[in-house]
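Chain by chain, the residues:
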Amino acid sequence: MFVLKNVGKLLFGSNNQESLIELPQGQLYLVRPLSPKGYSELIFKDAAVRIRRTGQDFQYQLVVQRVYEEGEAELLAEEAGEDAELDALAAERDEKTFLLDEAVHFRVARRSRPDHVHPIDHVLAWKDLSGDAGDLYEFICDPAVPSAHVDAFAAAARQCQYERKYRKPHATASAADLSQFEFDGDEEQPIPQASPVHSPVLARPAESESTDAMRLIKHDNHSDPVDPDDVDQVDQTALVGASSTDRPSHPKAPPAAPPQPDPVEILSHELAELHFYDFASGSFVLRDASVAAQVSDIGGWNYWLHVASQDNQWLGIPVVADMNPVFNFEFLSFIFNQFTADGSAYSWLLRFKDQPTLARFQEGLMQALWEQLNEQKWSKVKERERQYVLDAFEDLKMEDSPAEQEEAEEEEEEEEEEPEDDRPKSEHYDSDEEEDDVETQPKNDGDSNSGLAVGYKHDRSFVVRGSKIGVFKHHPNNHLEFSTNISKVETPKGELFSPKKVMLHNEDRNMILQKDNDPHKLYRMDLEYGKVVDEWNVHEDIPVLEYAPENKFAQMTHEPTFLGVSKNALFRIDPRLAGAKLVDSQLKQYASKNDFSALSTTEKGYIAVASNKGDIRLFDRLGINAKTHIPALGEPIIGLDVSADGRWVLATCRTYLLLIDAMQKSGKNEGKLGFEKSFAADAKPQPRRLALTPEHVAQFHHETSKGVSFTPARFNTSQTGEETSIITATGPYIVDWNLKKVVRGAKAPYIIKRYTEDVKADDFKFGSDQNVIVALPNEVNMIGKNKLSRPTRESIAGGFERLGTPRRSSGRVGTRYSGRYKLGKEDVVDSPY
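Predicted model only: the values in this text are computed from it and were never measured.

Peer 1: Explain the overall build of the chain to me, and be specific about the residues and the numbers.
Peer 2: Counting its regular elements, the chain contains 13 helices and 43 strands. By the burial criterion, 55% of the 833 residues in the chain qualify as buried. Put simply, of all contacts in the chain between residues at least 6 apart along the chain, 60% involve residues at least 24 apart. Entry remark: accessible area of the chain is about 36,300 Å², with carbon and sulfur atoms responsible for 46%.

Peer 1: Residues and numbers for the packing of aromatic side chains, please.
Peer 2: Summed over the entire model, instances satisfying the criterion amount to 25 aromatic pairs. Measuring from centroid to centroid gives 4.8 Å for Tyr162 and Tyr166, while their planes differ by 45°, and the two rings are tilted. Residue Tyr162 and its partner Tyr166 are located together in helix α4 (residues 147-166), separated by 4 residues, close to a single helical turn. What makes Tyr162 buried here is its relative accessible area of 3%. Where Phe497 meets Tyr523, the ring centres are 5.2 Å apart and the plane angle is 35°; that geometry is what we call tilted.

Peer 1: Which residues make up a positive patch on the surface, and what values go with them?
Peer 2: A contiguous patch of positive charge, built from Lys604, Lys668, Lys672 and Lys677, is present on the exposed surface. On the secondary structure map, Lys668 appears in the loop between β35 (657-661) and β36 (687-690). By relative accessible area, which is 83% here, Lys668 ends up exposed.

Peer 1: Can you break down the sheet that holds β36 residue by residue, with the values?
Peer 2: Read across the sheet, 4 strands follow the order β33-β34-β35-β36 without closing on themselves; strand pairing throughout is antiparallel. With partners counted over all chains shown, the strands left at the sheet margins are β33 (639-642) and β36, one partner each. Taken pair by pair, the neighbouring strands of this sheet meet at an average axis angle of 20°, ignoring direction. Across 4 bridges, the pairing between β35 and β36 is antiparallel. Bridging from a neighbouring strand, Leu659 pairs with Arg688 of β36.

Peer 1: Pulling in residues and values, what's your account of the sheet that holds strand β2 (residues 40-53)?
Peer 2: Taking strand neighbours across the sheet as the criterion, the 7 strands line up as β4-β3-β2-β1-β7-β6-β5 in an open arrangement whose pairing is antiparallel. Strands with a single pairing partner mark the edges of an open sheet, and in this sheet they are β4 (95-99) and β5 (107-112). Averaged over all pairs of adjacent strands, the angle between strand axes in this sheet comes to 35°, irrespective of strand direction. Where strand β1 (residues 19-31) meets strand β7 (residues 136-141), 6 bridges bridge the pair, whose relative direction is antiparallel. Considered in β7, the bridge of Val31 is made with Leu136. Helix-sheet contacts for α4 involve β1, β2, β3 (60-66), β4, β5, β6 (120-127) and β7, and the interaxial angle to β1 is about 95°.

Peer 1: Please provide a residue-by-residue account of the packing of helix α8 (residues 355-374) against helix α9 (residues 383-392), values included.
Peer 2: With their axes 11 Å apart at the nearest point, α8 and α9 run at an angle of 100° to one another. Classified by the angle between their axes, α8 and α9 sit roughly perpendicular to one another. Where α8 abuts α9, its residues Gln362, Glu363, Met366 and Trp370 lie against Arg386, Val389 and Leu390. Its residues assigned to classes, the contact of α8 with α9 shows 4 nonpolar, 1 polar and 2 charged.

Peer 1: Lay out the layout of surface pockets in plain terms, naming residues and giving numbers.
Peer 2: Computed from the structure, the second largest pocket encloses a volume of approximately 1,200 Å³. Contributing to the lining of the second largest pocket are 45 residues, with Leu452, Lys501, Val502, Glu546 and Arg714 lying nearest its centre. Those elements that provide at least two residues to the lining of the second largest pocket are β17 (449-454), β21 (499-505), β25 (546-549), β29 (596-601), β33, β37 (714-715) and β41 (761-764). Looking at side-chain class alone, the lining of the second largest pocket contains 24 nonpolar, 11 polar and 10 charged residues.

Peer 1: Tell me about the nonpolar core, and please be specific about residues and values.
Peer 2: In terms of nonpolar packing, the biggest core is built from 57 residues, with Leu305, Phe334, Leu350, Phe361, Leu365 and Ile616 touching the most fellow members. Take this core: its biggest share by element is 7 residues, from α8. Not counting residues up to four positions away in its chain, the partners in contact with Ile616 are Val609, Ala610, Thr628, His629, Ile630, Ile637, Leu640, Val649, Ala651 and Ile660. The next biggest cluster of nonpolar side chains, apart from the first, holds 28 residues, and it includes Leu23, Val145, Ala156 and Ala157.

Peer 1: Account for the side chain of Arg572, with residues named and values stated.
Peer 2: With respect to the helices, strands and loops of the structure, Arg572 is situated in strand β27 (residues 569-573). Reaching out from Arg572, the side chain makes a polar contact with the side chain of Glu550 at a distance of 2.3 Å. Within the structure, the side chain of Arg572 is placed 2.5 Å from the side chain of Gln586, a separation counted as a polar contact.

Peer 1: Go over the pairing of strand β15 (residues 333-339) with me, naming the residues and quoting the values.
Peer 2: Taking burial as the measure, the 7 residues of β15 include 6 buried ones, the bulk of the element. The pairing of strand β14 (residues 326-328) with β15 spans 3 bridges and is classified as antiparallel. From the neighbouring strand, Val326 faces β15, where its bridge partner is Ile335. Connecting β14 to the next strand, β15, in antiparallel fashion are 4 residues, including Leu332 with a positive phi near 55°. Across 7 bridges, the pairing between β15 and strand β16 (residues 345-351) is antiparallel. Counted as the bridge partner of Asn337 is Ser347 from β16. Connecting β15 to the next strand, β16, in antiparallel fashion are 5 residues, including Gly343 with a positive phi near 90°.

Peer 1: Give a description of the side chain of Arg617 that names residues and reports values.
Peer 2: Relative to the helices and strands, Arg617 resides in strand β31 (residues 616-619). One polar contact links Arg617 to Asn594, side chain to side chain, over a distance of 3.3 Å. Among the polar contacts made by the side chain of Arg617, one reaches the side chain of Asp615 at a distance of 3.2 Å. When residues no more than four places from it in sequence are discounted, the contact partners of Arg617 are Tyr590, Asn594, Phe596, Ile607, Ala608, Val609, Ala626, Thr628 and His629.

Peer 1: Lay out the pattern of salt bridges in plain terms, naming residues and giving numbers.
Peer 2: Evaluation of the coordinates by the stated rule reveals 32 salt bridges. Note that Arg509 and Glu507 form a salt bridge whose closest N and O atoms lie 3.6 Å from each other. A residue is classified by how much of its surface remains accessible, and Glu507, at 13% relative accessible area, is buried. What emerges from the salt-bridge pattern is a single network uniting Asp297, Glu371 and Lys377.

Peer 1: Quick one: what's the story with the pairing of β33, residue by residue and with numbers?
Peer 2: Neither face of β33 is exposed, since Gly639 and Asp641 on one face and Leu640 and Val642 on the opposite face are all buried. Bridge count for β33 against strand β34 (residues 648-652) is 4 bridges, and the pairing is antiparallel. By the bridge assignment for β34, Val642 is matched with Val649. In sequence, β33 turns back onto β34 through a hairpin of 5 residues, with Gly646 there showing a positive phi of about 85°.

Peer 1: I'd love a proper account of the environment of Phe361, names of residues and values included.
Peer 2: When you line up the elements, Phe361 lands in helix α8. Judged by its relative accessible area of 0%, Phe361 falls in the buried class. Taking the C-alpha atoms as reference, Phe361 lies 5.5 Å from Ser268; in sequence the two are 93 residues apart. Among all residues touching Phe361, those that are not within four sequence positions of it are Ser268, Glu270, Ala293, Val295, Leu305, Phe327, Phe334, Leu350 and Phe352.

Peer 1: Any details on unusual backbone geometry? Residues and values, ideally.
Peer 2: The phi dihedral of Arg167 falls on the positive side, at around 55°, and the residue is not glycine. Here Arg167 shows up in the loop between α4 and α5 (175-179). For Trp301, which is not glycine, the phi torsion reads 60° and is therefore positive. Note on placement: Trp301 falls in the loop between β11 (283-299) and β12 (302-308).

What counts as what
Residues numbered from 1 in each chain as written. Predicted model: local features only at pLDDT ≥ 70, side-chain atom pairs only at ≥ 80, totals over all residues. Heavy atoms only, no water. Helix = DSSP H or I, 4+ residues; strand = E, 2+ residues; numbered from the N terminus. Buried < 20%, exposed > 50% of the residue type's maximum accessible area, 1.4 Å probe, protein only. Contact = heavy atoms within 4.5 Å. Areas by Shrake-Rupley, 256 points an atom, 1.4 Å probe, with all protein chains shown as cover. Phe/Tyr/Trp six-rings, centres within 6.5 Å; stacked < 30°, edge-to-face > 60°. Patch = residues over 30% accessible without salt bridge, like charges linked within 9 Å, V, L, I, M, F, W, Y side chains within 5 Å. Salt bridge = Lys/Arg side-chain N within 4 Å of Asp/Glu carboxyl O. Lys, Arg positive; Asp, Glu negative; His and termini not counted. Charge placed at Lys NZ, Arg CZ, Asp CG, Glu CD. Pairing = 2+ DSSP bridges. Axes fitted to C-alpha atoms, helices over the stretch in contact; angles between N-to-C directions. Parallel < 35°, antiparallel > 145°, perpendicular 65-115°, else oblique. Nonpolar A, V, L, I, M, F, W, Y, C, P; charged D, E, K, R; others polar. 1 Å grid on protein atoms, 1.4 Å probe; cavity = no way out; pocket = protein on both sides within 12 Å on 5 of 7 lines; lining within 4 Å. Points joined across faces, edges and corners; volume = space filled by probe spheres on them. Core = buried A, V, L, I, M, F, W, Y, C linked by side-chain atoms within 4.5 Å. Polar contact = N/O pair within 3.5 Å; in protein donor to acceptor, adjacent residues only side chain to side chain.

Written as structure tokens, this is what we have:
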């Protein structure tokens, strides 16, 4: 007891000392002995562990921090470039923090090593309370750390736990009192062995074609189930693009391949390596060094991808958009997703021996995907349009990428301390009340938030909720104040209705509304009075499917007219006309059904129109043919936005976004936009397909049991600056793309934030790319971009409750500064919205 008390006096003597005790060298592992996610993951190869005080009495943290070698931190910062500001937010990458509570069962063990050079390992272990049953963290001390230091650390941990439990200093504790925090008795399972460190080995290129393997799929269409024993015997150390330095854990075995349907026609048949994405290690693991990948037409506009080797039938899946195909010619790879009937999602990688082989396979798979989406033969597509489709699914850099010098000159965004809440509070607001006592959900009115309109002229946002519209005032520091509620949206005749679509108009004083069951009429609401004052009959025969402002910033002016589209017509609507409001002289109607679905305008009034077929038309004015026609990739376009200057066209499909550079780079029209002059037949703009990586799609699906379904994506909008960001959402995730990173071809150039419910609508605050307004089913809030983080296993999983004491500005998972934070009263306006 004398020794322990003296250790305590040494460690706890100064009340101002933040770090109480430290073990400076070791490795941190996350071990999952019972989990299908994988057995072990090396979190930090070089790390230090310490016990640290918090800002509260008798509360202590166990902190594990990554240790950089000399010069390593600077090198990583240089490689990250403009990502440095995001790295500052993602503190989870460099630091793990845990509340030192008896619930974590902190313990120390000594373990023999097989090398006999350093015969003993000192292992610190504690439970991962946010993980699965049996999961625990292990800090393996470096052999150079003296045993006495480890013993002192364990003693300090027991004293900290005693103080937390009894809320008093440990000085009066007896040895028996402290022994209750020794979790090494018979009731505890032995600390499992963590995986040793392995250097990743790059998988070898696919071997030359094997006659037996090539014959396998052609002549054996009935699959045998994959033997799990065979799966585990595959070499698990071969990785492609591995980001972890530890040995990959054994991924959950994929399901057995179903029998292959009889092919009507074989579109592609090539040899490759097969790799499987391991969630635990965050890398692709080699499954089979030589497989045959075959794409087949099985009739009825249905297509099939089958992968098999001499020993195993690996997988068979339909070729559909949800497989999220990505081709990377630099790494000779094709990455895609597999979804199973039980709700599971997997990500696979095929690696080919050379570019011609990958190109042949790409041609066959894209033919299958295009025909499945369009129900039209690929052979009928013009050659240049085929290449357009192929280019869109490659991991390519766009032209006119910014120079490195320009990137270096970009201002780095610094994370700021959250200022004191200056948001106006309701009369009954009590800052000390419990979160459970605060009403942040609506009363059971049977409705949910469905639409969002963000004001340009005034700092207001409008949220549609059934037949009601909530009005919110924007405040500094990312806060919204509930201003008023338009409780009844009624026609001038008194008919209550729920607006299908809303658009702000006339300096944000009016709102144009549309009823779901009457596409031939529009309604004007006077927002100052909060009631519908006009009913407009647009045209008896031409319905209004979508409408948009006359130009990008028209809602900030008194401009009375605006644009609309039907399935096969583009027209101007002028409310000043007597009778029908459609301007007949400015109607462009097509004989064929183009199936228009979205439109958008530039600052100069140039018009972009998209369709459910997936194609886009660019006009410089109404009443004439389009200057440029951009071919379809296959999926319907559900949203469209254009940069103010017309340079960038952004289309939203269900599973991906499409970014198109409308600036012409060569020829007689060099420097002109596709809105102004037609592109040459052989110089169509190169598309950029923005999609979540297949690995992230699989993780999203694993967490939500839902596929990707994007909300209409939007640029940030400002009259004084260029567009820099793109915002959209899928399920409970907000996704923000960095435009400059997209242009230069960065991998996964997006950051995310997860909510507890699906995002219904989202948009940037006008004039900013740092503030995003988000409408959930029953909540509305404004967040700063610094609350978004890189998509990691932790930020995607979104464990919203975690034992831990928050540290301001840490960005750690589980705090209000991270992507996994659950919205509470501080983040939600005091309203039913």
